Amino acid sequence: MHDFAIAVTDKPALYRDLAAALDALTAGEPDPIANMANAAALIWQYLPDLNWTGFYRVAGDELVLGPFQGKPACTRIPIGEGVCGAAAASGEARCVIDVHDFPGHIVCDADSAAELVAPVIVEGRVIAVLDLDSPVKGRFDAEDVAGCTALAAMLGPRIVES
Ligand code: SME
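Residues numbered from 1 in each chain as written. Predicted model: local features only at pLDDT ≥ 70, side-chain atom pairs only at ≥ 80, totals over all residues. Heavy atoms only, no water.

We now examine the packing of helix α1 (residues 11-26) against helix α4 (residues 142-159). In a pair of packed helices, the angle between the axes and the distance between the axes together describe the arrangement. It is the contact of α1 with α4, at a shortest axis distance of 9 Å, that shows an interaxial angle of 10 degrees. Classed by the angle they form, the pair α1 and α4 counts as roughly parallel. Here Lys-11, Pro-12, Tyr-15, Leu-18, Ala-19, Leu-22, Asp-23 and Thr-26 of α1 lie close against α4, whose contacting residues are Glu-143, Asp-144, Gly-147, Cys-148, Leu-151, Met-154, Leu-155 and Arg-158. Across the contact of α1 with α4, the residue classes tally to 9 nonpolar, 2 polar and 5 charged. (Axes fitted to C-alpha atoms, helices over the stretch in contact; angles between N-to-C directions. Helix = DSSP H or I, 4+ residues; strand = E, 2+ residues; numbered from the N terminus. Parallel < 35°, antiparallel > 145°, perpendicular 65-115°, else oblique. Contact = heavy atoms within 4.5 Å. Nonpolar A, V, L, I, M, F, W, Y, C, P; charged D, E, K, R; others polar.)

Below, the structure is given as structure tokens:
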């Protein structure tokens, strides 16, 4: 329905455009699953060199797979395990240059080489993580962390279960 293909010349500008599109897509929509689904699809369309992107939601002491784009993935991840679990446990983004160097990395797609996980925090509580995987080692940098952290902050109130 929507086509957001754009060229990447300026990463902060790319994330500003992405945030504006995400805002337009999710503002006023109260359904968390609809908003996570559109967010995953939009990020997938906007950002180059991804092989997976989507959400894991906090459920008790686990992360449970949410809406995503890419190959089928691990359904449940204990909080504290893997890149996603580390981000959820600490409440801080994780930017991994080479997943093979990350102790405890959980392999969902053998093509993944780099990973960025941004926690989604609402009222001081981690409710989900936004996970991006790339087949390109070193794909994510501080600008991606800042961009994805801003997306996660915007999405928090729009994907929290009421
Ligand atoms: N690699 C992640 C698992 C999730 S997938 O990448 C979709 C991790 O180590 O937590």
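One pass over the full model with this rule turns up 1 disulfide. Through a disulfide, Cys-74 is tied to Cys-108; the S-S separation comes to 2.0 Å. An S-S torsion of about -110 degrees defines the bridge between Cys-74 and Cys-108 as left-handed. Of this pair, Cys-74 sits in the loop between β2 (62-70) and β3 (76-78) while Cys-108 sits in the loop between β4 (94-96) and β5 (114-122), placing them 34 residues apart in sequence. A relative accessible area of 30% means that Cys-108 is categorised as partly exposed. Cysteine Cys-95 shares no disulfide, and the gap to the nearest cysteine sulfur, in Cys-148, comes to 9.2 Å. (Disulfide = S-S within 2.5 Å. Buried < 20%, exposed > 50% of the residue type's maximum accessible area, 1.4 Å probe, protein only.)

Next up on the list: the site of the ligand. With respect to spatial proximity, 13 residues lie near the ligand, and among them Val-83, Cys-84, Ile-106, Glu-115 and Asp-133 are the closest. In the environment of the ligand, a nitrogen atom lies 2.7 Å from a nitrogen or oxygen atom belonging to the backbone of Ile-106. One of the side-chain N or O atoms of Asp-133 is found 2.7 Å from an oxygen atom in the ligand. Of all the secondary-structure elements, those providing two or more residues to the shell around the ligand are β1 (52-59), α3 (82-90) and β6 (125-134). It is α3 that provides the largest number of residues to the shell around the ligand, a total of 3 residues. Along the lines of polarity and charge, the residues of the shell around the ligand split into 8 nonpolar, 2 polar and 3 charged. (Near = heavy atom within 4 Å. Polar contact = N/O pair within 3.5 Å; in protein donor to acceptor, adjacent residues only side chain to side chain.)

Here we take up the side chain of Asp-133. Tracing the backbone shows Asp-133 in strand β6. Of the side chains with opposite charge, Lys-71 lies nearest to the buried Asp-133, which makes no salt bridge, at 10 Å. Within polar-contact distance, the side chain of Asp-133 engages the side chain of Ser-112 at 2.9 Å. Once you skip the residues sitting within four places of it in the chain, Asp-133 turns out to touch Asp-49, Leu-50, Asn-51, Trp-52, Ser-112, Ala-114, Glu-115 and Phe-140. (Lys, Arg positive; Asp, Glu negative; His and termini not counted. Salt bridge = Lys/Arg side-chain N within 4 Å of Asp/Glu carboxyl O.)

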